[in-house]
Amino acid sequence: MIVLVTGGAGYIGSHTCVELINAGYEVVVLDSFINSKEESIKRIENITGKTVVLVKGDVRDKDCLRSIFKNYSINAVIHFSGLKAVGESVANPLKYYDYNVMGSLALTEIMAEFNVKNLVFSSSATVYGFSDNKPIPETSQLSPFNPYGQSKRMVEQILEDLSKSDASWNIALLRYFNPVGAHKSGMIGEDPNGIPNNLMPFVSQVAAGKLKELSIFGNDYPTKDGTGVRDYIHVVDLALGHIAALKKLNGLMIINLGAGAGYSVLDLVHTFEKTTGIKIPFKIVNRRPGDIAIYFADATMAKEKLGWQTKYSLEDICRDSWHWQSKNPNGYNT
Ligand code: NAD
Ligand code: UDP
């Protein structure tokens, strides 16, 4: 079975390619490398010992998509490609709607043209917005509050409508919580540009001495230690969730992919210190605007419908993040 992976060179895409290949799938990657490096494809090949077919191109380019579907007998598509920086989406919403919405429209149009109707789509827990539910089930109200989140919800809506219009489509909308960690080989991982916005890569770079100290955004939230609580999911668990979804594709499925447990910023910092033996200096600063106190998944549906649940712990996450960081101090440029 051949799977087209758009954005397959990126953080989640590269880990999913490895797990797809391990599970016996053939993989065709489409990536423009706007937010990744070709080196990640070489590393996927190194880890798996298999060749990855790589098409350098843009998912919004319908001719490029047509040539892929003509050249390869694609059975299903996992659609990761898109932009994901919330702040940039607020500053440049048109770019986000173009990449994320127009890219998904072009892809589904060409899939329909070639009668390939099996699709797994990368959505995000951000579609829930300021949810009061703890944990958050898939039935929660949706209220994304930035253009990035809106673009994800718009694509979800388009795919829901598509599924209603033509029952032969099989679509999984996967809402990820906080993907973190790296492949245990330390060969692939998250390679953010500049100073990381997210907690885990920031902590790793403090541990490596690249950044002086962590700023913890607020310790006055209504949580056990006052710091924000999130659902951290190991990227390999997330990758395996995609394979579970691919195997179970049938009509429309909307599923949270999270561990179903919340950890605070201080939980993560202390676990990182315990696992790696490295002290993480930190200071408490003001809350980050737009942050939510507690956000974690109700992961029951994934277990029931996909037979999937996370198997990696916060310790595994910290160990593997540090392994990747210490082996690749400058990411794929190392
Ligand atoms: P990433 O930026 O590492 O990967 C995205 C990949 O898509 C990159 O390799 C990039 O070069 C490629 N790409 C972007 N636009 C493209 C285009 N128009 N044509 C071809 N390739 C293009 O991001 P990631 O963390 O791996 O995220 C993958 C998907 O999961 C994204 O859609 C993202 O919105 C979603 N998601 C990510 C997170 C997260 O925290 N990482 C959380 C929820 C959802
Ligand atoms: N956080 C922090 N310092 C940082 C980055 C993040 O204290 O430098 C906190 C943030 O306030 C949130 C948690 O860590 O409570 C996770 O933040 P991240 O940006 O990784 O994920 P998101 O908030 O998008 O879920």
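Residues numbered from 1 in each chain as written. Chains lettered and ligands numbered in written order. Predicted model: local features only at pLDDT ≥ 70, side-chain atom pairs only at ≥ 80, totals over all residues. Heavy atoms only, no water.

A.B. asks: Would you mind going over the overall build of the chain in detail, with residue names and values included?
C.D. replies: For the chain, the helix and strand inventory stands at eleven helices and 14 strands. Over its C-alpha atoms, taken along the principal directions, the chain stretches across nearly 55 × 45 × 40 Å. Per-residue burial over the chain gives 55% buried out of 334 residues. Surface exposure of the chain reaches about 14100 Å², of which carbon and sulfur atoms provide 50%. Across the chain, the centroid of the 34 positively charged side chains sits 2 Å from that of the 34 negatively charged ones. (Helix = DSSP H or I, 4+ residues; strand = E, 2+ residues; numbered from the N terminus. Buried < 20%, exposed > 50% of the residue type's maximum accessible area, 1.4 Å probe, protein only. Areas by Shrake-Rupley, 256 points an atom, 1.4 Å probe, with all protein chains shown as cover. Lys, Arg positive; Asp, Glu negative; His and termini not counted. Charge placed at Lys NZ, Arg CZ, Asp CG, Glu CD.)

A.B. asks: Before we move on, can you summarise the site of ligand 2 with the specific residues and values?
C.D. replies: Taken together, 14 residues surround ligand 2, and among them Leu199, Ser215, Arg230, Arg288 and Asp291 come closest. At 3.0 Å from an oxygen atom of ligand 2 is found a side-chain nitrogen or oxygen belonging to Asn198. One of the backbone nitrogen or oxygen atoms of Ser215 is found 2.8 Å away from a nitrogen atom of ligand 2. If ligand 2 stood free it would expose 510 Å²; the protein chains cover 87% of that surface. Sorting elements by how many residues they give to the shell around ligand 2 places strand β8 (residues 214-217) first, with four residues. Among the residues forming the shell around ligand 2, the class breakdown is six nonpolar, five polar and three charged. (Near = heavy atom within 4 Å. Polar contact = N/O pair within 3.5 Å; in protein donor to acceptor, adjacent residues only side chain to side chain. Nonpolar A, V, L, I, M, F, W, Y, C, P; charged D, E, K, R; others polar.)

A.B. asks: Tell me what's going on with the environment of Thr334, and back it up with residues and numbers.
C.D. replies: If you trace the backbone, Thr334 turns up in the segment after α11 (314-327). According to the relative accessible area criterion, Thr334 is partly exposed, its value standing at 48%. Filtering out sequence-adjacent residues up to four positions away, Thr334 remains in contact with Lys327, Asn328 and Pro329. (Contact = heavy atoms within 4.5 Å.)

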